[in-house]
Amino acid sequence: MAHEETVYDALANAADDHGHWAFGTGFDDPLAGVDTTVPEGVDPADLGTYCLMLGDDALVLAQRLTQWVTASPELEEEVAVANVALDLLGQARLLLARAGSTGVLGRSRSQATDSIPDEDALAYFRDPDEFRNTGLVEAPGGDFGRTVVRLLVASTVRLALFARLRGSRDPVLAAIAAKGVHELTYHRDHAARWVLRLGDGTAESHRRAQEGVDAVWPLLADVLTPTDVEQRLVDAGVAVDPAGLREEVEGVLTTVLERATLTVPAWPAATAPRGRSGQHGPELAELVAEMQSLARQHPAATW
Amino acid sequence: MSAPTLDRPAAGTPDEAALQAQFDATIAAGHRIEPRDWMPEGYRKTLIRQIAQHAHSEIIGMQPEGDWLLAAPSLRRKAILLAKVQDEAGHGMYLYSAAETLGADRADLTDKLIERRQKYSSIFNYPTLTYADVGVIGWLVDGAAICNQVPLCRSSYGPYARAMIRICKEESFHQRQGYELLMTMMRGTPEQRAMVQDAVDRWWWPSLMMFGPPDDDSPNSAQSMAWGIKRHSNDELRQRFVDMTVPQAEALGVTLPDPDLAWDEAAGHWRSGAIDWDEFKRVVSGSGPMNDVRIARRRAARDDNAWVTEAANAYATKHSAEHGGRAA
């Protein structure tokens, strides 16, 4: 009886908003109260572009994973996939807000009304060729097998990168990385467990998992070559050199795939970075168009 | 549904009469029935039906709002909506677990949903046409759900009551988030205000129908009240919702689409106009605008991923055998 009354009281006092979510997430002002001064000797435009690279990877992969919500094999997986997407969305918000604080907003800022925060100006008012994500995250997810293989590869790369980024000279990036490492460790573990089950499950699941591996592997070529921006920031002690991640990434992926009885393809030849330079396939244009449709339809609105 | 496995004496024996007396005394004292307790078969079946219908509603209810996840108009709104849809999956899980304590099986209940042998709340058979629908679902649909569900925190069946306590806390937060979205939109552009009013116009009557048929046309209610599975009549709960919502609509600045809505000074209640029960029956019986789409998506999630479930089972069997465990 007492409980029933308490719940009604809480509803009557809707302004007193101390409720919380089941899975605990803060939603407002990702960088509120954080000192966003750019470290000395660092080009703000480079730092902003680097934040876009890491932020766009998270945003695009979150969008891909969200396509599985209401389409997953099990309810437990609905919860897990939403959880991973929510973590990545949180990382994207922090990184896009950090990018905004360095003044790289450019055209997107002038297209959005003043009341729209920087993170949304960047997510909703850039064109696809202004996105800096790699080809690894923008490729369509395919079936559940390819989805978990891609998640394994992407979270292995990102975890290796974030673990090193904790030592960045930019304290904001270092803090974002420190928080992200915990999340990415879970993402990688979750994906690895699925790759084991599928690789070592039935003949059908083995076939599909191997197809996923074969489809995702070539995308690694776009991940580990630094752009000029990254190279300058590596020299300044701010960014992580993606070329230096290969040993860890290859080691982890080989271990998981072998345990899953899957064949590890040859490591792809390095190419000049495409996604980081704004070169994307038509799939990204579609993903971005869907994500931005409502916000662009009402550019003067606040949500 | 697999048959309950609890041992119980044959019907009509003196033992059963004693068990029934003990059950009745537990209910009368306002105490809870727990999974290992004896319970009448009708009580068990009614609870399974009610809990399964509630679980299905949570899972199907992910879809109307889920349709806006990819196009949510800000990253903050996307995060709020994703967390809410995730909560609904979690609610479905608690409820299916509660049903399993009664001898039901989750996969079997899902099959019954897909084969349309069990129902879900017909509110989810309406489409979400604009982003204001996301806010209105939070405000009205979750608001109505809370009115229905808060009394169930005192349900006579322990696992259901405990699941409802957690669910109600989360639902009340969803309701506030929905209302906050609508408040923000009402302070926005004229187009946004029009979207909110249009969404209220479309969702108000279906929300009132969420409480079920009127009391004089609700055949199972009396037995459910006697069993402590239901605590208030449909019309009482509907009235509570209307009284709670009218002042909120005023504060929001929207008009509820009911010209007959009027304050009854003597009774101290808001009186609404007549509900179109023919529409309710049409939608419940499967002819709502989105029934086929909702079931088709649930079916696709099961069938397109059947190979994943088979792989997970095969892997578990293989590896439990390796470790000397008993194969499933």
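None of the values given here were measured: they were computed from a predicted structure.

Colleague: Would you take a moment to explain the overall build of chain B for this structure?
Modeller: Assigned secondary structure in chain B consists of 13 helices and 2 strands. Here the C-alpha radius of gyration of chain B, 22 Å, is about what a compact globule of 328 residues would show, namely 20 Å. In terms of its C-alpha atoms, chain B occupies a principal-axis envelope of roughly 65 × 55 × 30 Å. Across chain B, 37 positive and 44 negative side-chain charges occur, with their mean positions spaced 5 Å apart.

Colleague: Explain helix α2 (residues 41-60) of chain B to me, please; I cannot follow it from the model alone.
Modeller: Since there are 3.6 residues in each turn of an α-helix, residues three or four apart along the chain are aligned in direction. The end-to-end C-alpha distance of α2 of chain B is 28 Å, a good match for the 28 Å that 20 residues give at a rise of 1.5 Å each. By the criterion of burial, α2 of chain B is predominantly enclosed, with 14 of the 20 residues buried.

Colleague: Would you take a moment to explain the packing of α2 of chain B against helix α4 (residues 75-100) of chain B for this structure?
Modeller: Helix-helix packing is characterised by the crossing angle of the two axes and by the distance between the axes. All names here are of chain B. Two elements in contact, α2 and α4, have axes whose closest approach is 8 Å; the angle formed by their N-to-C orientations is 160 degrees. Comparing the axis directions of α2 and α4 gives the class roughly antiparallel. α2 and α4 meet at a crossing whose hand is left-handed. For the pair α2 and α4, the contacting residues are I51, H54, A55, H56, E58 and I59 in the first and E88, A89, H91, G92, L95, Y96, A98 and A99 in the second. Classifying every residue of the contact of α2 with α4 by side-chain character gives 8 nonpolar, 4 polar and 2 charged.

Colleague: In this structure, what is going on with the environment of R187 of chain B? I would like to understand it.
Modeller: Residue and element names in this part refer to chain B. Relative to the helices and strands, R187 resides in the loop between α7 (158-186) and α8 (190-209). What makes R187 exposed here is its relative accessible area of 63%. The sequence separation of R187 and L252 amounts to 65 residues, and the corresponding C-alpha distance is 9.6 Å.

Colleague: Would you mind showing me how to read the nonpolar core here?
Modeller: Considering soluble globular proteins, one finds that nonpolar side chains tend to be buried as a cluster. One finds Y50 and F162 of chain A together with Y43 of chain B to be the most contacted residues of the largest nonpolar core, which totals 193 residues. The contact partners of Y50 of chain A, leaving out residues within four places of it in the chain, are L161, L165, L173, V229, E230, L233, A239 and V240 of chain A.

Colleague: Looking at this structure, I do not really get the interface of chain A and chain B. What am I missing?
Modeller: Interface size is commonly expressed as the accessible surface area that is lost when the partners come together. Each partner contributes to the interface: chain A provides 67 residues, whereas chain B provides 68 residues. Summed over both partners, the interface of chain A with chain B comes to about 5900 Å²; 68% of that surface belongs to carbon and sulfur atoms. The tally of links from chain A across to chain B stands at 2 salt bridges. We note a salt bridge from D200 of chain A to K318 of chain B, for which the minimum N-O separation is 3.1 Å. Linking chain A with chain B are 15 residue pairs in polar contact (both at pLDDT 80 or more), by the criterion used here. Put simply, the parts of the chain that give the side of chain A that touches chain B at least two residues each are α1 (2-12), α2 (44-66), α3 (75-101), α5 (118-124), α7 (144-165), α8 (171-199), α9 (203-216) and α12 (282-297) of chain A. Broken down by element, the residue count for the side of chain A that touches chain B peaks at 11 residues, all from α3 of chain A. Here the residues of the side of chain A that touches chain B are counted per class, giving 34 nonpolar, 17 polar and 16 charged.

Colleague: Would you mind showing me how to read the packing of aromatic side chains here?
Modeller: The relation between two aromatic rings is expressed through the spacing of the ring centres and the mutual angle of the planes. Inspection of every chain in the model, using the stated rule, returns 14 aromatic pairs over all chains. Residues F23 of chain B and W38 of chain B carry aromatic rings whose centres are separated by 6.2 Å and whose planes lie at 85 degrees to one another, so their mutual orientation is edge-to-face. Of this pair, F23 of chain B sits in helix α1 (residues 14-28) while W38 of chain B sits in the loop between α1 and α2, placing them 15 residues apart in sequence. Assessed through its relative accessible area of 16%, W38 of chain B is described here as buried. Taking the centre distance of 5.4 Å and the plane angle of 45 degrees together, the rings of F211 of chain B and F241 of chain B count as tilted. Taken together, the residues F211 of chain B in the loop between α8 and α9 (221-226) and F241 of chain B in helix α10 (residues 234-252) connect sequence positions 30 residues apart. Across the pair, F241 of chain B and F211 of chain B agree in class, each one buried. Chaining the aromatic ring pairs together yields one cluster made of F23, W38, Y43 and W227 of chain B. Its guanidinium or amino end placed over the ring of F131 of chain A, R126 of chain A lies 4.3 Å from that ring's centre, counting from NZ or CZ. The aromatic ring of W194 of chain A is capped on one face by R197 of chain A, whose charged end is 4.5 Å from the ring centroid.

Colleague: Would you explain the side chain of Q239 of chain B in this entry?
Modeller: All names here are of chain B. Following the sequence through the fold, Q239 ends up in helix α10. One polar contact links Q239 to R271, side chain to side chain, over a distance of 3.0 Å. Those residues in contact with Q239 that lie beyond four places of it in its chain are H269, W270 and R271.

Reading the values: rules and limits
- Residues numbered from 1 in each chain as written.
- Chains lettered and ligands numbered in written order.
- Predicted model: local features only at pLDDT ≥ 70, side-chain atom pairs only at ≥ 80, totals over all residues.
- Heavy atoms only, no water.
- Helix = DSSP H or I, 4+ residues; strand = E, 2+ residues; numbered from the N terminus.
- Rg over C-alpha atoms; globule rule 2.2 N^0.38 Å.
- Lys, Arg positive; Asp, Glu negative; His and termini not counted.
- Charge placed at Lys NZ, Arg CZ, Asp CG, Glu CD.
- Expected span 1.5 Å × (residues − 1).
- Buried < 20%, exposed > 50% of the residue type's maximum accessible area, 1.4 Å probe, protein only.
- Axes fitted to C-alpha atoms, helices over the stretch in contact; angles between N-to-C directions.
- Parallel < 35°, antiparallel > 145°, perpendicular 65-115°, else oblique.
- Left-handed = near helix turned anticlockwise from the far one by under 90°.
- Contact = heavy atoms within 4.5 Å.
- Nonpolar A, V, L, I, M, F, W, Y, C, P; charged D, E, K, R; others polar.
- Core = buried A, V, L, I, M, F, W, Y, C linked by side-chain atoms within 4.5 Å.
- Buried area = accessible area lost by both parts, 1.4 Å probe.
- Salt bridge = Lys/Arg side-chain N within 4 Å of Asp/Glu carboxyl O.
- Polar contact = N/O pair within 3.5 Å; in protein donor to acceptor, adjacent residues only side chain to side chain.
- Phe/Tyr/Trp six-rings, centres within 6.5 Å; stacked < 30°, edge-to-face > 60°.
- Lys NZ or Arg CZ within 6 Å of the ring centre and 35° of its normal.

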